[in-house]
Amino acid sequence: MGKIVKRAIYVFILLLLLSSTALLAYLHFGTAGESDLSGEWTTELNMTEQAAVRALDWLQDIEGTSVSLEDMERYMHGLTVRVNLTMEKTGRMEGTFHCSIQADSYDVCRQAAYEAFAGCFRELLGERLCMAGYEGSTDQESVEALVAGNFGMSTVSYLMDCGPALLPSLEDLQAQYDGSGAYEIADGILIRRIEDGGTVFTKEERCILEDTTLILLGEEGAQNSDPYFDGYPIVYTYDAVEP
């Protein structure tokens, strides 16, 4: 039995060493290094979980409402906001960049989030009407008509005006992601210096380039400073935009 345990430990250590070596090799040879990052890149920020959590928090303040995060995510899915990144190489290991939130994609995402939320809200409202003894139809169209008749607006408009902020504001996202300046690459680390009203902010990320995919990883243990994204690691995967 002792030999079996020792052999299992040796095998485990060997596998651990092999996987660590493979990871180091990947990070060494897979980093951007002296590769040309010039061009247009794009990534999508996934807003689904944040929107679902905000909607759930608001609904749970309503007495008698029993809905889970899984229920909310059943309505909300595929909510993304696009970020565009343009990089231009001006030297061997340096260049300029411009990063910005695509405002149109934000508007589409926000509208989709509230439409999904409205579907859940109408279903819950129909259940409450049945519990209260309402004898009319409680399908989505009928409940929508009741909301419009009582509030003078659609369910989506009502939730936008009186409900929770499902997404951070466009201005908050722009403050988080928009920026222009200069960059340099050193030992696989992308260093971006963002100029803002005479103040320069420095952002360092490990840079990995795989064919037409650019992966930026924040420093180990780094967290996003935006409260809407608190606790989420900074990892972005950008895809090259075809000319």
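Residues numbered from 1 in each chain as written. Predicted model: local features only at pLDDT ≥ 70, side-chain atom pairs only at ≥ 80, totals over all residues. Heavy atoms only, no water.

K.L.:
Is there a simple way to explain the overall build of the protein in this structure?
P.N.:
Helix and strand counts for the protein come out as seven helices and eight strands. By residue count, 33% of the 243 residues in the protein fall in the buried class. Within the protein, contacts between residues at least 6 apart in sequence are counted, and of these 64% link residues at least 24 apart. Surface summary for the protein: the accessible area is close to 14,400 Å², and the carbon and sulfur share equals 54%. (Helix = DSSP H or I, 4+ residues; strand = E, 2+ residues; numbered from the N terminus. Buried < 20%, exposed > 50% of the residue type's maximum accessible area, 1.4 Å probe, protein only. Contact = heavy atoms within 4.5 Å. Areas by Shrake-Rupley, 256 points an atom, 1.4 Å probe, with all protein chains shown as cover.)

K.L.:
Help me out: how do you make sense of helix α2 (residues 48-59) in this one?
P.N.:
Three or four residues apart is the spacing at which side chains of an α-helix point the same way, because the helix has 3.6 residues per turn. For α2, with twelve residues, the first-to-last C-alpha span of 16 Å sits near the 16 Å given by 1.5 Å per residue. By the burial criterion, the buried members of α2 are Thr48, Gln50, Ala51, Ala52, Ala55, Leu56 and Leu59. Its buried side turned inward, α2 meets β1 (39-46), α3 (69-75) and α4 (103-131). (Expected span 1.5 Å × (residues − 1).)

K.L.:
How should I be thinking about unusual backbone geometry in this particular structure?
P.N.:
Excluding glycine, residues mostly have negative phi values, and the peptide bonds linking residues are mostly trans. The backbone of Asp187 sits at a positive phi, close to 55°, despite the residue not being glycine. Turning to its location among the elements, Asp187 is positioned in the loop between β4 (179-186) and β5 (189-196). Phi is positive for Asp211, close to 55°, though the residue is something other than glycine. For Asp211, the position within the fold is in the loop between β6 (199-210) and β7 (213-218). Judged by relative accessible area, which is 75%, Asp211 ranks as exposed.

The values reported here are purely geometric and, on their own, carry no functional implication.
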